[in-house]
Structure formats: C-alpha cells, structure tokens
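Fold and geometry: a report
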Amino acid sequence: AACRVIVHIDLDCFYAQVEMIRNPELRDKPLGVQQKFIVVTCNYEARKLGVKKLMSVRDAKAKCPQLILVNGEDLTPYREMSYKVTELLVEFCPLVERLGFDENFVDITEIVEKRLNQLHHSGCSRACVSGHVYNNQAINLHDTMHLRLVIGSQIAETFRGAIYARLGLTGCAGVASNKLLSKLVSGTFKPNQQTLLLPESCQDLIRSLDHIQKVPGIGYKTSKRLEMLGVRNVCDLQVFPPAVLEKELGVAIAQRIQKLSYGEDDSPVTPSGPPQTFSDEDSFKKCSSEVEVKERIEELLPNLLDRVHQDGRQPHTVRLTIRQFSSADKWLSRESRQCPIPPHLVQKFGKGNSNVISPLVDILMKLFRKMVDVELPFHLTLLSVCFSNLKDLPSSKKGSIGFYLKQASPPPGSGKRVREVEDVSQREGQNRKETGTTKTMKLSEEKKSNANEAGIPDFPFHLSHGDIDQEVFRELPEDIQKEIISG
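Just so we're clear, the structure is a prediction, and the values are computed from it rather than from any experiment.

**Topic: the packing of aromatic side chains**
On inspection of all chains with the given rule, the structure shows 5 aromatic pairs. Taken together, a centroid distance of 5.6 Å and an interplanar angle of 70 degrees make the contact between phenylalanine 368 and phenylalanine 378 edge-to-face. Placement of phenylalanine 368 in helix H15 (residues 357-371) and of phenylalanine 378 in the loop between H15 and strand S14 (380-388) is noted, with a sequence separation of 10 residues between them. As far as the burial class goes, phenylalanine 368 and phenylalanine 378 line up, both buried. A network of ring pairs unites the aromatic residues Phe14, Tyr15 and Tyr78 as a single cluster. Taking the ring centre of tyrosine 83 as reference, the NZ or CZ of arginine 98 above it sits at 3.6 Å. Sitting over the ring of phenylalanine 284, arginine 296 keeps its end group 4.1 Å from the ring centre.

Below you can see the structure in the form of structure tokens.
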C-alpha cells in the first residue's frame, strides 16, 4: 500500500458548472442551484458575494440580490455529465472509483511505474511537479516515493486537462499514497488546482483537521459515540487506548478508525460500474394523509421506471423509505420496508410504465401501512422509492461504465424530483447526511398458524428473509404469492 499512487478528482461546484455549460450566458454571473428552499451549491462568483452552499434561498438572496437561481431538482443532467467524467478517466486507467456525482478516485500506480521505467531507460532523472506541494515541502528526486508522487502529479494534471478540454469542467486533484490522504489533500487549493502530499507531511495534514468527523470514513453516528468518549479531534483518537475503543465500538471499527487517524488506508480503488440500486425521493414540509402519500409515490415512479428501463436490467426488490417528523432526531429518523417484486410484474418492466405503476403503488402502500398506523395522525417529511436486486437480462451487455453511461440516463427534462443513484460501495460518512434504517417485522407464531389454517402459502424459504417483508408477502393476492414461491 505504501507504494501506491492515488489521485482524487473533485469537480468544482459541479451542479453550477453543468448549468453554466448548458447555458453559457450564466458564466461570470452569480449563480445558485436550488432544490426546494435551499441553495445546494453555487459558483465562485456567488461565493465571492457571500453566498454559501446549503444556505437558504432567502438568506442567499439577502446576501446577493442579483443571484440567479436555477432549479436543480432534476438530477438527470448532472448524472449524465458525472458518468461522462468517469468514462473519460477510464480511458486513461481502468481503476476508477466513483464517489457521488462529482468525485472520483483513480489508482495510477501502474501508469506511474511505466513512466518511471521510461525515465530510467532514457537516462533522465529530472521530473517537475505539477501544481502545489502540501506545506511547500522540498522534493527529493532521489527518493523513489517522492519521484513516484511527482510523476503522479503530472498524470493528475493530464486528467484535469482532458476533463476541461473534452467536457468543459474544472476540478481539483489530490495526489497521495492512499485514498484517504488524496481526498483530504485535494481541497487544499481551490478552485481548479491540485496538490501533492509527500509522506513526511502526512501527519501535518491529518492533524490539521479540526473535528473527528472531517476524517473520511468516520460518519455522524461514529463521531457522536467518539465525542461521548471524549474524542473530538484526530490527536485525541490517535492516543485513545485501543482496548477501550474496541470495547465501545467493536474490534473491526476501532482498529479501522484508529488507522485512519494516522493517515493509514489500505482500501483499494474499486471500479464502481453500474449502480446496484435506483432510488428516487421527495422531501417536503408535511405529508399527513394516505391520499397525499399515494399521490407522491405516483409522482416518483415514472422517472424512476424510465431510469430502470434505460439501464436494461430488471429489479426484483422494491423498498419504501419514510422520514417522520422529529424535532429531536433530524437526521436519523428514517425507516424502511422492502419486499420482492412479483415475477409477473418483473416481466412487465420496460414494456411501458402504465402496466406496472398501479400494482407497484398498491405494493408500496402496503409497505407504508406496515410502518405507519394510518388510524393515528402522522407527519412525514420524506418519501423514497428504491429498486434493488438488479439482474441482467440474457441479452444484456454489461461490465463497463461506458455501457452504463449509454444505457442508464433518462431523457433530459424527464422529471423534477430529487433523485439519487445509490452506490453500495459508499461507506459511512462519505457525502451522506442521512442514514436509512431498515426494520424487518417478524410474524408471531400465532399469525403463522392462522395463515396456514387459512390455506395461505408458507413463506418462500428459498428467498432471503432480509429482502422480504413477510407480512406484506402474506397480504399479496394468493396467485402472486404462488408465483413468488415458484419463481
């Protein structure tokens, strides 16, 4: 791991850049991208005038009355551009891992090795660094690790140049010996710049973080538990007794985060490929009736089904996530329920949305009623529908990000709901503010016996219990239950 060279590419104010490419007249004007009542990002012209990311629209307009706002609730153009960036990077190197829409890790170790050999064969020992060096540390070209990282900086500059020349996007880059350090150092100089981190400066960088949650891989929940132990910054974590940490968090998590606190990260750059799930969500101030819930689900499904259709694979599991209003627990109050999609419905995917929307709504409403007692008042602030357990059709050609780019994007302007491609490779704390909690209900023995006496088929033992809500299964029509069992 010490010999690796990893580049982290982080695109500048990504949504705003995409909007400026779509409408060049917006360039050099203060621009914000709005979702609901929040400015989710803004360009640097707006930032110079006091506008910040995640600022309310009201506050942003007060700071900058001339701010131009663009509706960014339809993520289609951002998703499409995001995959173009990844596809471009894959042309240079196959080891590219996506992190959200605007970040990519690239393991360029082999490319560096080839260039290093070329240098040796040519008898040339000179190499110039591209961009900044963290802490302005002196480079020793007789140190092989230094030389590798310098070559890595040249390759990172090539990546950034290609992204700008081909796609019109600028971005920052970090070059280091692992993913953690490359991500941390990439934001040192912004915008449109890059920074190289030499091994000797690793501890200076990691100790410069003012809060433990700034360490990628340590998320909200873990940071709160660490704070209860008196751990608030990296230095605290480095000297915290390992035995106590392992008792509180478990051996695996304790060892992993303590290594992270020293800048150690052995995790590989894993090519992301097509997403493993497709989800679409809508947040709102209040939804408090079954009629409203059904309407919002009906609004979410068409674009989501379009994306599934474009992808070319068939989902076999559907999940509904809700967030109930909670003044005390704003981020952690999500609840989910999922169940298998009946085989006869799976076969209809891709043959027109009208054939599947109505039965899907029925299934999703059953899932909803398992989480909410509709006889009592309720107050929802979010609904999300997710399709997972994606399986290839026999004729599908899969494997490359290029395939996904061509297949998985719905037509531009096909919807205005906030939607999100979930990537199962993402770990806790990486660009996620909200964490879903899936709760599985189990039938009591009494209900099981009643179901058997009524002649309802038993739970399909060959299917994974983790993917199926048993109570919903038992409420499906008997012919659908039999199809699932036989499937």
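More follows now that the structure is in view.
**Considering the nonpolar core**
Of all hydrophobic cores here, the largest spans 47 residues; its most connected members are Val7 and Phe14. Secondary structure elements with two or more residues in this core: strand S1 (6-11), helix H1 (14-22), strand S2 (31-35), helix H4 (76-92), helix H5 (109-122), helix H6 (144-167) and strand S9 (171-176). Counting residues per element, this core draws most heavily on H6, at 11 residues. Listed in part, the 35 residues of the second largest apolar core include Leu345, Val372, Leu380 and Leu390.

**Thoughts on the sheet that holds strand S10 (residues 194-196)**
The strand order S6-S7-S1-S9-S10-S8 describes an open sheet built from 6 strands, whose pairing is mixed. Two strands bound the open sheet, and with one partner strand each, they are strand S6 (96-99) and strand S8 (132-133). Looking at chain direction, S8 and S10 are connected through 2 bridges and run parallel. When the sheet's bridge partners are listed, valine 133 is paired in S10 with leucine 196.

**Details of the sheet that holds S2**
The sheet built from 4 strands is open, its strands ordered S4-S3-S2-S5 with mixed pairing. Two strands lie at the open edges of the sheet, namely strand S4 (55-56) and strand S5 (68-71), each paired on one side alone. Looking at chain direction, S2 and S5 are connected through 4 bridges and run parallel. Of the residues in S5, the one forming a bridge with leucine 31 is isoleucine 68. Across the sheet, H1 touches S2, strand S3 (38-42) and S5, and the angle it forms with S2 is around 110 degrees.

**Considering helix H12 (residues 251-261)**
Restricting attention to buried positions, one finds in H12 the residues Ala254, Ile257, Gln258, Leu260 and Ser261. Each buried residue of H12 sits inside an arc of 155 degrees when the element is viewed along its axis, so together they form one side. Buried-residue contacts for H12 involve helix H7 (179-186), helix H8 (202-207), helix H9 (220-228), helix H10 (234-239) and helix H11 (242-249). Note on H12: the residue one or two positions beyond its end, glycine 263, has a positive phi of about 80 degrees.

**Observations regarding the side chain of glutamate 103**
By secondary structure assignment, the location of glutamate 103 is in strand S7 (residues 103-107). The buried category is assigned to glutamate 103, whose relative accessible area is 5%. A polar contact is formed between the side chain of glutamate 103 and the side chain of histidine 8, at a distance of 2.6 Å. Looking at glutamate 103, its side chain comes within polar contact range of the side chain of lysine 183, at 2.7 Å.

**Quick notes on the environment of glycine 100**
As for its position among the elements, glycine 100 is in the loop between S6 and S7. Note on glycine 100: relative accessible area 25%, which makes it partly exposed. Sequence spacing of glycine 100 and arginine 79 is 21 residues, and the spatial spacing of their C-alpha atoms is 9.6 Å.

**Comments concerning the packing of H5 against H6**
Helix-helix packing is characterised by the crossing angle of the two axes and by the distance between the axes. Axis separation between H5 and H6 bottoms out at 9 Å; the angle between their running directions is 110 degrees. By the angle between their axes, H5 is roughly perpendicular relative to H6. In this structure, the crossing between H5 and H6 has a hand that is right-handed. Listed contacts from H6 to Ile111, Val112, Glu113, Arg115, Leu116 and Leu119 of H5 are Thr144, Leu147, Arg148, Ile151, Gly152, Gln154 and Ile155. Tallied by class, the residues present in the contact of H5 with H6 amount to 7 nonpolar, 3 polar and 3 charged.

**As for the confidence of the model for the protein chain**
Looking at the protein chain as a whole, the pLDDT averages 82, with 79% of positions reaching at least 70. Within the model, the stretch residues 396-467 combines pLDDT values under 50 with 168 contacts to residues more than four positions away or in other chains.

**Looking at unusual backbone geometry**
Cis rather than trans, the peptide bond between lysine 190 and proline 191 has omega equal to -15 degrees. Residue placement: proline 191 occurs in the loop between H7 and S10. Positive phi is not limited to glycine here, since asparagine 192 has a value of about 55 degrees. Summarising the element assignment, asparagine 192 is placed in the loop between H7 and S10.

**Some details on the pattern of salt bridges**
The tally for this structure, following the rule as stated, stands at 12 salt bridges. Two residues, glutamate 281 and arginine 334, come together in a salt bridge whose shortest N-O distance is 3.4 Å. Placement of the pair is glutamate 281 in strand S11 (residues 277-287) and arginine 334 in strand S13 (residues 334-340), with a sequence separation of 53 residues. The class for glutamate 281 is buried, based on a relative accessible area of 15%. The network of salt bridges with common partners includes Lys36, Asp282 and Arg296.

**A closer look at the packing of H4 against H6**
At a closest axis distance of 10 Å, the pairing of H4 and H6 adopts a crossing angle of 130 degrees. Between H4 and H6, the crossing angle belongs to the class labelled oblique. In terms of crossing hand, the pair formed by H4 and H6 is right-handed. Residue-level contacts link Met81, Lys84, Val85, Leu88, Leu89, Glu91 and Phe92 of H4 to Thr158, Phe159, Ala162, Ile163, Arg166 and Leu167 of H6. Residues of the contact of H4 with H6, tallied by class, amount to 9 nonpolar, 1 polar and 3 charged.

Reading the values: the criteria
- Residues numbered from 1 in each chain as written.
- Predicted model: local features only at pLDDT ≥ 70, side-chain atom pairs only at ≥ 80, totals over all residues.
- Heavy atoms only, no water.
- Phe/Tyr/Trp six-rings, centres within 6.5 Å; stacked < 30°, edge-to-face > 60°.
- Helix = DSSP H or I, 4+ residues; strand = E, 2+ residues; numbered from the N terminus.
- Buried < 20%, exposed > 50% of the residue type's maximum accessible area, 1.4 Å probe, protein only.
- Lys NZ or Arg CZ within 6 Å of the ring centre and 35° of its normal.
- Core = buried A, V, L, I, M, F, W, Y, C linked by side-chain atoms within 4.5 Å.
- Pairing = 2+ DSSP bridges.
- Contact = heavy atoms within 4.5 Å.
- Axes fitted to C-alpha atoms, helices over the stretch in contact; angles between N-to-C directions.
- Arc of directions from axis to C-beta.
- Polar contact = N/O pair within 3.5 Å; in protein donor to acceptor, adjacent residues only side chain to side chain.
- Parallel < 35°, antiparallel > 145°, perpendicular 65-115°, else oblique.
- Left-handed = near helix turned anticlockwise from the far one by under 90°.
- Nonpolar A, V, L, I, M, F, W, Y, C, P; charged D, E, K, R; others polar.
- pLDDT = per-residue confidence, 0-100.
- Salt bridge = Lys/Arg side-chain N within 4 Å of Asp/Glu carboxyl O.

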